[in-house]
Amino acid sequence: MVALIILVSAALAGFSYYRARNAAIEDAKTQMRTFSEQLIDRFSVISGQTVGFVGLIASIPNAFLVPPPDRLNDKTALLREFIRRSPQLDGAYAGYPDGSFFHVINLKSEGWRRALAAPHNAVLAIRAIAPNDSGESIQHLSFEDSTGAIIKSVPARTTNYDPRARPWYQAALDTAGTVSIGPYEMATTGKLGMTLAEAHKGNPKIVIGADIVLDTITDFLSAQRMSPDTVAFMVDASGNLIIHSNRGVMARIVAGKAEADSVNSPETDAFIRSLKSNPEANLVDVGDRTFLVASKPVASAVLLKGQRVVVAAPLDELMAPANRALLQGLAISAVVVAVAVALALLLSHLITKSLEQLTESANRLQNLDFATPVEVPSHVAEISSLGKAMNRARDAIFTFALYVPKEFVKKSVQAGYFTGRSAKREEVTALFTDIYDFTTISEGHSPEDVVAMLSEYFDILDEAVNAHHGSIIQFLGDSIFAMWNAPIPDTDHAENACRAALAAEQSLAHFNEAQCAKGLPEFRTRFGIHTGQAVVGSVGARERLQYTAMGDTINVASRLEGMNKVYHSTILASAAVKQACEHTIEFRPRGAGQAKGRAAALELYEVIGVRATTQAIDREKQTVSS
Ligand SMILES: Nc1ncnc2c1ncn2[C@@H]1O[C@H](COP(=O)(O)OP(=O)(O)OP(=O)(O)O)[C@@H](O)[C@H]1O
Ligand SMILES: [Mg+2]
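None of the values given here were measured: they were computed from a predicted structure. (Residues numbered from 1 in each chain as written. Chains lettered and ligands numbered in written order. Predicted model: local features only at pLDDT ≥ 70, side-chain atom pairs only at ≥ 80, totals over all residues. Heavy atoms only, no water.)

Engineer: For the overall build of the chain, give the residues involved together with the corresponding values.
Structural biologist: Within the chain one finds 16 helices and 21 strands. Relative to its full complement of 626 residues, the chain shows a buried share of 47%. Across the chain, every contact between residues at least 6 apart in sequence was considered, and the portion connecting residues at least 24 apart equals 59%. (Helix = DSSP H or I, 4+ residues; strand = E, 2+ residues; numbered from the N terminus. Buried < 20%, exposed > 50% of the residue type's maximum accessible area, 1.4 Å probe, protein only. Contact = heavy atoms within 4.5 Å.)

Engineer: Explain the site of ligand 1 to me, and be specific about the residues and the numbers.
Structural biologist: Residues in close proximity to ligand 1 include Asp434, Ile435, Tyr436, Asp437, Phe438, Thr439, Leu476, Gly477, Asp478, Arg526 and Lys565, which together make up its full environment. For ligand 1, an oxygen atom lies 3.0 Å from a polar atom in the side chain of Asp478. For ligand 1, whose unbound accessible area comes to 600 Å², protein coverage reaches 52%. Those elements giving two or more residues to the shell around ligand 1 turn out to be strand E14 (422-435) and helix H11 (438-444). Counted by class, the shell around ligand 1 contains 4 nonpolar, 2 polar and 5 charged residues. (Near = heavy atom within 4 Å. Polar contact = N/O pair within 3.5 Å; in protein donor to acceptor, adjacent residues only side chain to side chain. Areas by Shrake-Rupley, 256 points an atom, 1.4 Å probe, with all protein chains shown as cover. Nonpolar A, V, L, I, M, F, W, Y, C, P; charged D, E, K, R; others polar.)

Engineer: I'd like to hear about the nonpolar core, residue by residue, with values.
Structural biologist: Judged by nonpolar contacts, the single largest core of 70 residues is most densely connected at Phe82, Met234, Phe271 and Leu304. In terms of residue count, the dominant contributor to this core is helix H1 (residues 2-59) (14 residues). In contact with Met234, not counting residues within four places along its chain, are Leu39, Phe43, Asn240, Leu241, Ile242, Ile243, Val298, Leu304, Arg308 and Val309. Of all hydrophobic cores here, the second largest spans 40 residues; its members include Phe438, Phe458, Leu508 and Val577. (Core = buried A, V, L, I, M, F, W, Y, C linked by side-chain atoms within 4.5 Å.)

Engineer: Tell me about the pattern of salt bridges, and please be specific about residues and values.
Structural biologist: Applying the stated criterion to the full structure yields 20 salt bridges. In this structure, the salt-bridge partner of Lys578 is Glu582, at a minimum N-O distance of 2.7 Å. Accessibility expressed as a relative area gives 31% for Glu582, which makes it partly exposed. Linking Arg588 and Glu606 is a salt bridge whose minimum nitrogen-to-oxygen distance equals 3.0 Å. (Salt bridge = Lys/Arg side-chain N within 4 Å of Asp/Glu carboxyl O.)

Engineer: Describe in detail the coordination of the magnesium ion (ligand 2), supporting the description with residues and values.
Structural biologist: Protein-derived coordination of the magnesium ion (ligand 2) comes from Asp434 (OD), Ile435 (O) and Asp478 (OD), at a distance range of 2.2 to 2.4 Å. Angles of 73 to 170° at the metal separate the 6 donor atoms of the magnesium ion (ligand 2), which places the site in the octahedral class. As a motif over one chain, the donors of the magnesium ion (ligand 2) read D-I-x42-D. On the criterion of sequence distance, the pair formed by Asp434 in strand E14 and Asp478 in the loop between strand E15 (471-476) and strand E16 (479-484) is long-range, its members being 44 residues apart. This pair shows no difference in class: Asp434 is buried, exactly as Asp478 is. (Donors = N, O, S within 2.8 Å, 3.2 Å for Na, K, Ca; no water. Tetrahedral: all angles 85-135°; square planar, octahedral: opposite > 155°, others 65-115°.)

Engineer: If you had to explain the sheet that holds strand E1 (residues 89-95) to someone new, which residues and values would you point to?
Structural biologist: Spatial strand order, E5-E4-E3-E2-E1-E8-E7-E6: 8 strands in an open sheet with antiparallel pairing. Both edges of this open sheet fall to strand E5 (150-158) and strand E6 (179-185), since each of them pairs with a single strand only. For this sheet, the mean angle separating the axes of adjacent strands, direction not counted, is 15°. The sheet contacts of helix H2 (residues 72-85) involve E1, strand E2 (101-106), strand E3 (124-131), strand E4 (137-144) and strand E8 (207-213), and relative to E2 the element is tilted by about 35°. Most of the contacts of helix H4 (residues 167-174) go to E6, to which it runs at about 160°, and overall it touches E1, E2, E6, strand E7 (192-199) and E8. (Pairing = 2+ DSSP bridges. Axes fitted to C-alpha atoms, helices over the stretch in contact; angles between N-to-C directions.)

Engineer: For the pairing of E6, give the residues involved together with the corresponding values.
Structural biologist: Put simply, side chains in a regular strand alternate between the two faces of the sheet. Examined bridge by bridge, E6 and E7 share 5 bridges and lie antiparallel to one another. Paired with Ile181 across the bridge in E7 is Thr195. Where E6 folds back onto E7 in an antiparallel hairpin, the turn is made up of 6 residues, including Gly190, whose phi is positive at roughly 75°.

Engineer: Provide a residue-level description of unusual backbone geometry, including the pertinent values.
Structural biologist: Of the consecutive residues Pro68 and Pro69, the connecting peptide bond is found in the cis state with omega at 10°. In this structure, Pro69 sits in the loop between H1 and H2. Here the residue pair Ala486 and Pro487 is connected by a cis peptide bond, since its omega of -5° sits within 30 degrees of zero. Relative to the assigned elements, Pro487 resides in the loop between E16 and helix H13 (493-517). A positive phi angle, close to 60°, is found at His469, a residue other than glycine. Inspection of the secondary structure puts His469 in the loop between helix H12 (447-467) and E15.

Engineer: Describe in detail the packing of H1 against helix H8 (residues 315-366), supporting the description with residues and values.
Structural biologist: Their axes nearest at 9 Å, the elements H1 and H8 cross at an angle of 160°. Of the possible angle classes, the one that applies to H1 and H8 is roughly antiparallel. Between H1 and H8 the crossing geometry is right-handed. Looking at side-chain class alone, the contact of H1 with H8 contains 20 nonpolar, 3 polar and 1 charged residues. (Parallel < 35°, antiparallel > 145°, perpendicular 65-115°, else oblique. Left-handed = near helix turned anticlockwise from the far one by under 90°.)

Engineer: Now, about the side chain of Arg113: what can you tell me, with residues and values included?
Structural biologist: Among the secondary structure elements, Arg113 is positioned in helix H3 (residues 110-116). Although Arg113 is buried, it forms no salt bridge, and the closest oppositely charged side chain is Glu110 at an N-O distance of 4.6 Å. Within the structure, Arg113 has its side chain in polar contact with the backbone oxygen of Ala122 (distance 3.0 Å). Residues in contact with Arg113, not counting those within four places in the same chain, are Leu107, Ala118, Pro119, His120, Asn121 and Ala122. (Lys, Arg positive; Asp, Glu negative; His and termini not counted.)

Here it is in structure tokens:
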């Protein structure tokens, strides 16, 4: 039962872990999909807003159709509002075919503040570049505070910044509508950024652009991680790493962009390779860790269009909840198993205790000990019904044992079966008794009184026979037939039969005294004892057997009983009995006698008593045993 419980709990724990593992993986895949979607949504928002503004400025006639320094305030007002509404922007600008450039910069980024030595309360920088008469590019730089007031203007200086040489300028000229460029390294801050740019409808040589510093996306990527070691990155259509949630890798991307060598880390390479086999989601082993890798194309946003968001989460971290669930499950199953084992042990103890009690009762039954009833209180229905059945069996055997010698029943119960009709030749001593003039006694008393007196009488005989290892085989009206050495083996069977007869005679003397005192008839008794071979066992009809003994030995014992009437003796025994135990029992020879129905005469011996020497030994034995 315990093994079964452990097996079942282990299977359940394993099964629940397997389910939890699969559920965790499915859940992780869902989370990754959601994460990628969130990321793409984020891009879409960033991209959507930026594309909206860039597209708007590039599509209507406005201050940007003339290069700086013309309409500087209008340009500033427009871009200031543009940046205020799109905090993720790094800056917005316009590039002109004559090399002029107008740029409003969001000073939230440290890189720009340092590069421009911005005053601490500046929030925007306005940068206007225009060629002078000699064709040099002159840069005017001023700073605005949060109220829009100019708080500092930097003296004009030449610059070699040429918008026309920047990747976004050419890309916008070559592409209709808003184009996304990058990521690439921003000229001034060295940060990785992306640009959304569009040629102005009013003058396709004028390009409106806006920069998105990828820190925003990297921050978003790292901020949204699903687990401590989850990595998220963007790859372009050919599998090159664009943006990575890990700042260290981002730095390598920036450095790599300069040297144009691959910045993919072996880990990321493994993830990227896996996408080729199954872009949706798969498990990738990197070193001794397994990652769940999922990716999703950026379809909606102009920004990073055609690229893929890749999320790779270590399975052990994803499984952490499942492992916790497993540990909890195991802990709970351990508790359940412990409780179940305890209950099982308790139950089995209760069951075994009851079964032990039943076994004890069965053993008592084997020994025909009917004194203690089979009381086996048990909540287990089967056991209590077994106990009841045992009680019924006990009653049946008890009743049975009343009708056949106890020893015979004991032997049969111990053997576990009643041998049925079977008898075999054995050396036995047979004793018959009979009451003088019982017919007359019966005539003078009611049957109930007779039975009552007879029962008391038989108890006396039964006690004397049993006390000397004999067994009463049959009750025959007023007489009994008892036997020694079967069914109870007894090497001194002849001696013990004589002792039993002497003991019975002694007890009957008291019984008869009492009878007289009550004005009731005496039960004077004759005893006949013979020893020799007899066929002993269950004889009779198939369905109605009787345990008895047959043969001349038995007949002679019965005849000797009757011959007491002739010899006026009480206990008559044969020569065989006298030879068997004359050293312990005293006999008086009564000569030869003719038994009814027998040709051969019988040497008769009256049993007088136990020899004095033997009595001394008996007393000695008694002292020792008491
Ligand atoms: N095998 C037996 N089974 C049942 N009852 C028996 C059996 N043998 C004898 N009896 C009954 O027991 C009673 C006594 O029989 P029994 O032959 O001992 O005569 P008795 O009156 O006792 O005289 P006796 O002094 O000869 O013994 C009789 O009433 C008889 O019916
Ligand atoms: Mg009689």
